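Overview (structure and organization)
Chain residues, written in single-letter form:
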Amino acid sequence: MEQGAESASPGIDAGKADAVSRVRGLLFRRMLVGIKDGRFFLGNFHCLDKQGNIILQDTVEYRSTRRSSPSPMEQRCLGLILIPASCRTSCHVDTSIEERLSLLSLQDHHDQTS
Amino acid sequence: MAAAEASIFSGSGDNSVWTDVSPLLQAACNGLQDGELIHGDNFNLYAAMSALEIMDPKMDSGMIGRYYSVDEAIDGGAAPIPISFDRTVDVQCTIDIMDHLLACEATWHKGHSLAQTVFSCIYLLRPERTTSHALLHSYSSVIRATCKAVISVVSDARTHEEEDLFTMMYGLNLNGEDEKCLSILNAVEETISRQLRACRALSARRKVLEDIEPLQNNPMLEEGYCRAILARLRFRKHFYHVLMCLKRPQGRGLQLARKHVASCISELKAIRELSGQHTACGGQTISEDRTTASGRQPVGFDASLNARLSAPTPPRSIKILSWSEAIEYFLKLLQDLDIISSCSLENSLDCVLHFVVQFQKSQPDLVARAHLQRLLLQDGKLFGREAIFSVISKAATLPEVVKNHDIEKMECVIQLGQLVINLLRILCANSAWQRRKLGKILQDWRVTYIQLELALRSKFGEPSGTPSGENICMNILKQLLVWVEEKVYWIASRFLMLGFELELYSTSEYGMVYWYIYVVSVKLVEKLHHRISISNRVKCRGKKKRVPGKDATRDIQFSPTVLFLQSHICLAEGLTMMLAALRNEKMILESPTPFNSDQERFFQHFELLQKAGIPDHNSYQSFEGSTKNASLSMLAMYNHFKDAQRIAKEVKSSFSDDPERLSELRRIEQVAEHNSVALSLLCRVGDALDSSLKLSFEFSHHPHFATAVVRRS
């Protein structure tokens, strides 16, 4: 899909800027990131870059003690960590139900305009 | 993330859910400019650099490797119980495990983490599993109890910062029933002794008195295996006893400790000897790196399982000591513990200081030094017996009446007690840390000295009740002051000498170092002589008959200790002058460094001493002044080395029962002799030095005093 130097529609730009500010609003919230080897990291959302790498603060690592599930989980504290985009498989934020609705509606809006 | 997994993580309240924000994040990423970040006000890029990167093997110690956990490893058969259903193989493997654990323990003592060494053993991580295997169970119980005892003594000593991986356990469980471990061990030892007796009876075709099942299946190997295991179990038993004896307060267990040390050493030697015969029993090509006597890899060890317990970041890979290195390590440790156990509890402070300094010459390791420190200092008392003020009173030869005055309760005297305790602690540390701390405490000693002086002056100004009482008090304080000064110079002298051991001085700096040693030693001897003559005068007063002539000579006569130090002083002076003369006459080639002038280097080396005013604050000027006119011709006329030789010879007879001092005096004589000869050679040779001869300074006869060596180049 070819595009000129400027984006085709101002709606998309607004959508993108909106996404950025929305994500800015998620800063310092509890975020749960799953990675490829099955571990989960729960921490405060601290930073995001253009490549999708995430920095979490006061992180706790959760891992299973057995390959097969269900299995008991072990946890330990890690502090400040960086999760590369390449190993991330999922990303969830602790929100209220109302907030989830508005976030989902934003995403729908974005999908419609892109 | 599946709904099932999401449910494991509880939200922050009833109204909270986990919302998938991946699409939102993707959209935001598209919206960001290159290099733009989404972050809060408190974000600091520099701080963010310290974040652990997940899935990076150097930073992420939780990366899931071969096994998810210890339990999974066990389920996968990594640590079978029994190790083999063939009893011979089971016994062989048990011996390998015992040997590898010994190597791990030695590696741990040397400064690595417990998790990577001793607790890389899966059997130790799940001790309840081994109850059905008597040998493994008894051995692992006693090892856990031993590690716990060692951690306790090293933690108490609190000088292990330099070897700081040592005591961190990161959640490893060392609690167990320590009292039981010995009885379990004894029971197993008893069984194997009976098995050994039975197999010896069989081979001697004697009647077997009791019906006992042999240790393993192969009758040819039974005796060898029984003896090998017995030696290892007995070593562990005696080693545990050594630690328990040394733990007893006030040094009550020292004699018994020595007996157990002797047993340990003989068992270790037996283990080593037996292993020579053992290699025939299924051993492979023996490399020097092997951690077991047989050369086989032991079953049931995996250091990676504990990676998360070592530290937040993955530990550096370490090399476990080889089996023979481990035995050497324990032999040295036991010898050091034996020396510590031979320390007399009646020792005065000076004797204790001398003992510690001598002990440190053999470069003992952390565990031995921690034991020494715990023996010397318990409950703030020397050997847990004598209060520090009493120790100081004896050392400073204060009169008995000091107890009647409130000197003990004076703030500065209490401080002094703390300084002495701290000094003993520092002297038990490794030499690098020790030297740094010795330099730093000089200021504290100086401050206490000043406070004592102020106290003395205030007493002088006080209107007193009993004039005699006031005089006694003042005299006591004066004596204390002399003693404190003497100790300050002793510390300074040790600080300077350790610099040679740690190789901190370059050859071009020897001149200033020896000058400083000379100046500090002169002061030390002055104070020492003062103290000894005061105490002699006090002794004389006690005698009924007074012969004036005899007293006079006794006052002038120098004690052997003073003369001993005087020989060192002459040597230091001789070296200072020789190095200065050689420099002045350009016989030592020194490449001028573009960075630091002489004065700057002087200050760098002696900064801590200068700050404490030892000997005074303008020392560089004094150094320059006393050395700038030195010349070889001058030295030909007045030879300090000859003085050193003469004094050393004279004072030898006073130390006929002290082999250490005698050998030290011999070394002094040798250095003096060689330097004297070198000096006269240099005087004759003059300018020819540059062309055909080479001059160097070596520590061939004494660790601190260099010998000038002239060679044909």
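Residues numbered from 1 in each chain as written. Chains lettered and ligands numbered in written order. Predicted model: local features only at pLDDT ≥ 70, side-chain atom pairs only at ≥ 80, totals over all residues. Heavy atoms only, no water.

An unreviewed UniProt entry lists chain B under the name N-alpha-acetyltransferase 35, NatC auxiliary subunit isoform X2, with Punica granatum as the source organism. Taken from UniProt, the Subcellular location (unreviewed entry) comment for chain B reads in full: "Cytoplasm". In its Sequence similarities (unreviewed entry) section, the UniProt record describing chain B reads: "Belongs to the MAK10 family." (UniProt positions renumbered as here; feature names shortened; annotations may be inferred.)

For chain A, the name recorded in an unreviewed UniProt entry is Sm domain-containing protein, with Punica granatum as its organism.

**Remarks on the overall build of chain B**
Scanning chain B from terminus to terminus reveals 27 helices and eight strands. Long-range pairs, those at least 24 residues apart, make up 75% of the contacts in chain B with a sequence separation of at least 6. Only carbon and sulfur atoms are counted for the fraction: they give 52% of the accessible area of chain B, which is about 34,000 Å². (Helix = DSSP H or I, 4+ residues; strand = E, 2+ residues; numbered from the N terminus. Contact = heavy atoms within 4.5 Å. Areas by Shrake-Rupley, 256 points an atom, 1.4 Å probe, with all protein chains shown as cover.)

**What about the side chain of B:Ser69?**
Here B:Ser69 lies in the loop between strand S3 (52-53) and helix H4 (70-75). B:Ser69 gets classed as buried once you look at its relative accessible area, which sits at 6%. Setting aside anything within four residues of it in sequence, one finds B:Ser69 in contact with A:Thr65, A:Arg66 and B:Leu305. (Buried < 20%, exposed > 50% of the residue type's maximum accessible area, 1.4 Å probe, protein only.)

**Some details on the pattern of salt bridges**
Residues and elements named next belong to chain B. Under the definition given, this model contains 38 salt bridges over all chains. Measuring nitrogen to oxygen at the nearest pair gives 3.0 Å for the salt bridge that ties Arg258 to Asp338. Of this pair, Arg258 sits in helix H10 (residues 254-278) while Asp338 is found in helix H12 (residues 323-341), placing the two residues 80 residues apart along the sequence. For Arg258, a relative accessible area of 35% translates into the label partly exposed. Among the salt bridges present, the one from Arg457 reaches Glu453, with a minimum N-O distance of 4.0 Å. Of this pair, Arg457 and Glu453 both sit in helix H17 (residues 431-461), four residues apart, roughly one helical turn. (Salt bridge = Lys/Arg side-chain N within 4 Å of Asp/Glu carboxyl O.)

**Examining the interface of chain A and chain B**
Contact residues are listed per partner, giving 59 residues for chain A and 57 residues for chain B. In total, about 5,300 Å² of surface goes out of reach between chain A and chain B, with carbon and sulfur atoms giving 61% of it. It is A:Lys50, A:Arg63 and A:Arg67 that lose the most area in chain A upon contact with chain B, and together they represent 13% of the buried surface on that side. Connecting chain A to chain B are two salt bridges. A salt bridge links B:Asp60 to A:Arg39, with the shortest nitrogen-to-oxygen separation between them at 2.5 Å. (Buried area = accessible area lost by both parts, 1.4 Å probe.)

**Description of the domain arrangement of chain B**
Residues and elements named next belong to chain B. Domain annotation of chain B identifies domain 1 (70-279 + 289-337), domain 2 (345-461 + 472-504) and domain 3 (512-539 + 558-712). With 27 residues of domain 1 at the contact, the number on the domain 2 side is 24 residues. Interface area, domain 1 with domain 2, both sides summed: about 2,200 Å², of which 59% is carbon and sulfur. Where domain 1 touches domain 2, the interface holds one salt bridge. A salt bridge links Lys110 to Asp365, with the nearest nitrogen and oxygen atoms 3.6 Å apart. Inspection of the domain 1/domain 2 interface yields six residue pairs in polar contact (both at pLDDT 80 or more). Only helix H7 (134-157), helix H9 (219-247) and H12 provide two or more residues apiece to the side of domain 1 that touches domain 2. (Domains from an automatic or database assignment. Polar contact = N/O pair within 3.5 Å; in protein donor to acceptor, adjacent residues only side chain to side chain.)

**Remarks on the confidence of the model for chain B**
Residue and element names in this part refer to chain B. Taken residue by residue, chain B gives an average pLDDT of 85. The fraction at 70 or more is 87%. The spread of mean pLDDT over the elements of chain B runs between helix H20 (residues 548-556), the lowest at 46, and H12, the highest at 96. Here residues 278-285 is a poorly scored stretch, pLDDT under 50, and it has 17 contacts once near neighbours within four places are set aside; other chains count. In the predicted structure, residues 544-555 sits below a pLDDT of 50 and forms five contacts with residues beyond four places in sequence or in another chain. Confidence metrics for the complex model read pTM 0.81 and ipTM 0.86. (pLDDT = per-residue confidence, 0-100.)

**Some details on the sheet that holds strand S6 (residues 386-387) of chain B**
Residues and elements named next belong to chain B. The strand order across the open sheet formed by three strands is S4-S5-S6, and the pairing between neighbours is antiparallel. Two strands in the sheet have a free side with no partner beyond their single neighbour: strand S4 (377-378) and S6. Alignment of S4 against strand S5 (residues 381-382), held across two bridges, turns out to be antiparallel. Across the sheet, Leu377 pairs through a bridge with Leu382, a residue of S5. (Pairing = 2+ DSSP bridges.)

**Describing the packing of aromatic side chains**
All names here are of chain B. Here the structure, examined in full by the defined rule, presents 21 aromatic pairs over all chains. Ring centres 5.4 Å apart and planes at 55 degrees place the aromatic pair Phe500 and Phe699 in the tilted group. Of this pair, Phe500 sits in helix H18 (residues 467-501) while Phe699 sits in the loop between strand S7 (693-698) and strand S8 (707-712), placing them 199 residues apart in sequence. With a relative accessible area of 8%, Phe500 lands in the buried category. Take Phe699: its relative accessible area is 31%, and that puts it in the partly exposed class. (Phe/Tyr/Trp six-rings, centres within 6.5 Å; stacked < 30°, edge-to-face > 60°.)

**Quick notes on unusual backbone geometry**
Residue and element names in this part refer to chain B. Cis geometry marks the peptide bond from Ile81 to Pro82; its omega dihedral reads -10 degrees. Following the sequence through the fold, Pro82 ends up in the loop between H4 and helix H5 (87-109). Of the consecutive residues Ile614 and Pro615, the connecting peptide bond is found in the cis state with omega at -10 degrees. Mapped onto the elements of the fold, Pro615 is located in the loop between helix H22 (598-611) and helix H23 (619-627).

**Here we look at H12(B)**
Compared with the 27 Å implied by 1.5 Å per residue over 19 residues, the 27 Å span of H12(B) between its first and last C-alpha is a close match. Those residues of H12(B) that fall on the buried side of the exposure criterion are B:Trp323, B:Ala326, B:Ile327, B:Tyr329, B:Phe330, B:Leu331, B:Leu333, B:Leu334, B:Asp336, B:Leu337, B:Ile340 and B:Ser341. (Expected span 1.5 Å × (residues − 1).)

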